[in-house]
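What follows is each chain in one-letter form.
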Amino acid sequence: MKRPPYRDIIWLFLASRLLLVIVTYFGYILLTAPKYSSVPVDITGLFSTWNHWDAANYVRIAEYGYQTPFDVAFFPFFPLLISALAYPFGTWGYVAVGMLISNLALLGSLFIIYQLAVEFGGEQVAHRTLLYICIFPTAFFFFAAYNESLFILLTSGGLLAIRRQQWWLAGLLGCLASLTRSAGVFLALPFLYEMWLIRENLLADIKRAILKLLPLVLMPLGILLYCVYCWKITGNPIAFATVQDHWSRVAAWPWQGIFASIWQLFAFQPFGSFYQAHILLDFGLTIGFIALVVLGWNKLRTGYSLFAAMLLFYVLLSPSLGQDDPLISNQRFVLELFPAFITLAILGIKYPRLHQAISMLFPALLATLSLLFVMNRWMV
């Protein structure tokens, strides 16, 4: 596979980080300082603006461990990394290290995704894929102490290892991915598919086939270990799943959340309401990524499409039917569907007007939503 252009990727990464720093600086100062104030900015306050929502939960768990019954909803690998690296630096070190891990994981992901994308249209598709990921409206979650970028690093690395038939590496990355988010176990699908493609060689040597399949056992191991831990501290091995009803998440048919959102959007929420805007984001991005997964089926390697489709299906199975925004957080969850960004890049090259629209709309929404997060408005 072609080596990624290190300089271009690093510049894209730094430029997108700079955009978020600029939004943080001007947003925090201009929206919190008194009118005509000459008081200098509170550096601690400026820094803490990214420690909101789930970021605050991950940081707190990293520092103090699992304290409440609802904490088990947050899988352990990300807070374990934060805790291991931040302990010597004191309380504020946890926030800084969490953000550092998130950003470095994004950088690593960009190098890996470039190698996954380049085979579907060369360097142009690969460059465009990374651009769309970095300017996506909710890409600010890669800047905060969230586990999305770590999950993408592990799963994209797993797909690349599978593509190169590095089975044990793929199994290890799958294990760590399922310790980061339960959906990491779905790396088993492309693993099995690639095994199916070489089935004739495997059947010729059964012993060799068994050795190649053994790494598959590692992929659910992360979840199993967490189940043991949940059983030990709560008495319920799947507490991380049952606790989801705290956020009104319920098991449902995949179309129920979509239909509930349509009902909320057109029959219940008044024009211009707070929830209407959130529903438009979550619903619009959900439908958009359903379309990208479908369109990408014949454009991408089948293993990549299988993984993206299963991730999306998994998200749709647990909508928040008890809330006004039934697809809450889908604007963040779709970030994990990185194969869909390859499809979007292919379409953006084929249809230049689509690329122009994305180039204008994505950064504007990214700046707006980042500002909402900085100001501790509802962005989960």
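Residues numbered from 1 in each chain as written. Predicted model: local features only at pLDDT ≥ 70, side-chain atom pairs only at ≥ 80, totals over all residues. Heavy atoms only, no water.

Enquirer: Just give me the short version of the packing of helix H4 (residues 77-86) against helix H5 (residues 91-117), but keep the residues and values in it.
Expert: Between H4 and H5, the least distance of the axes is 9 Å, while the angle of their chain directions is 125°. What the angle tells us is that H4 and H5 run oblique. Taken as a pair, H4 and H5 cross one another with a handedness that is right-handed. Along the contact surface, H4 presents Phe-78, Leu-81, Ile-82, Ser-83, Leu-85 and Ala-86, while H5 presents Gly-93, Tyr-94, Val-97, Gly-98 and Ile-101. Looking at side-chain class alone, the contact of H4 with H5 contains eight nonpolar, three polar and no charged residues. (Axes fitted to C-alpha atoms, helices over the stretch in contact; angles between N-to-C directions. Helix = DSSP H or I, 4+ residues; strand = E, 2+ residues; numbered from the N terminus. Parallel < 35°, antiparallel > 145°, perpendicular 65-115°, else oblique. Left-handed = near helix turned anticlockwise from the far one by under 90°. Contact = heavy atoms within 4.5 Å. Nonpolar A, V, L, I, M, F, W, Y, C, P; charged D, E, K, R; others polar.)

Enquirer: Could you give an account of the environment of Gly-174, with specific residues and numbers?
Expert: Summarising the element assignment, Gly-174 is placed in helix H8 (residues 167-180). Taking the C-alpha atoms as reference points, Gly-174 and Ser-156, separated by 18 residues in sequence, lie 9.9 Å from one another. Those residues in contact with Gly-174 that lie beyond four places of it in its chain are Gly-184, Leu-187 and Met-219.

Enquirer: Could you give me a rundown of the packing of helix H18 (residues 338-350) against helix H19 (residues 352-374), with the residues and numbers involved?
Expert: Closest axis-to-axis distance for the H18/H19 pair is 5 Å, and the angle between their directions is 120°. As far as their axial angle goes, H19 and H18 are oblique. Touching Leu-344, Leu-347, Gly-348, Ile-349 and Lys-350 of H18 are Pro-352, Leu-354, His-355, Ile-358 and Phe-362, all from H19. Grouping the amino acids of the contact of H18 with H19 by side-chain chemistry returns seven nonpolar, two polar and one charged.

Enquirer: Go over the nonpolar core, please, and point to the residues and values.
Expert: Judged by nonpolar contacts, the single largest core of 119 residues is most densely connected at Trp-50, Phe-136 and Phe-140. Sorting elements by how many residues they give to this core places H5 first, with 15 residues. The contacts of Phe-136, once residues within four sequence positions are left out, are Leu-285, Phe-289, Gln-331, Val-334, Leu-335, Phe-341, Phe-362 and Leu-366. (Core = buried A, V, L, I, M, F, W, Y, C linked by side-chain atoms within 4.5 Å. Buried < 20%, exposed > 50% of the residue type's maximum accessible area, 1.4 Å probe, protein only.)

Enquirer: So, H4: which residues are in play, and what are the values?
Expert: Looking only at H4, the buried set comprises Phe-77, Phe-78, Pro-79, Ile-82 and Ala-86. Next to the buried residues of H4 lie helix H3 (53-64), H5, helix H7 (148-163) and H8.

Enquirer: Residue-level account of a nonpolar patch on the surface, with values.
Expert: The grouping of Leu-18, Val-21, Ile-22, Tyr-25, Phe-26, Leu-30 and Leu-31 at the surface amounts to a nonpolar patch, some 700 Å² of accessible area in total. Turning to its location among the elements, Val-21 is positioned in helix H1 (residues 6-32). Judged by its relative accessible area of 41%, Val-21 falls in the partly exposed class. (Patch = residues over 30% accessible without salt bridge, like charges linked within 9 Å, V, L, I, M, F, W, Y side chains within 5 Å. Areas by Shrake-Rupley, 256 points an atom, 1.4 Å probe, with all protein chains shown as cover. Salt bridge = Lys/Arg side-chain N within 4 Å of Asp/Glu carboxyl O.)

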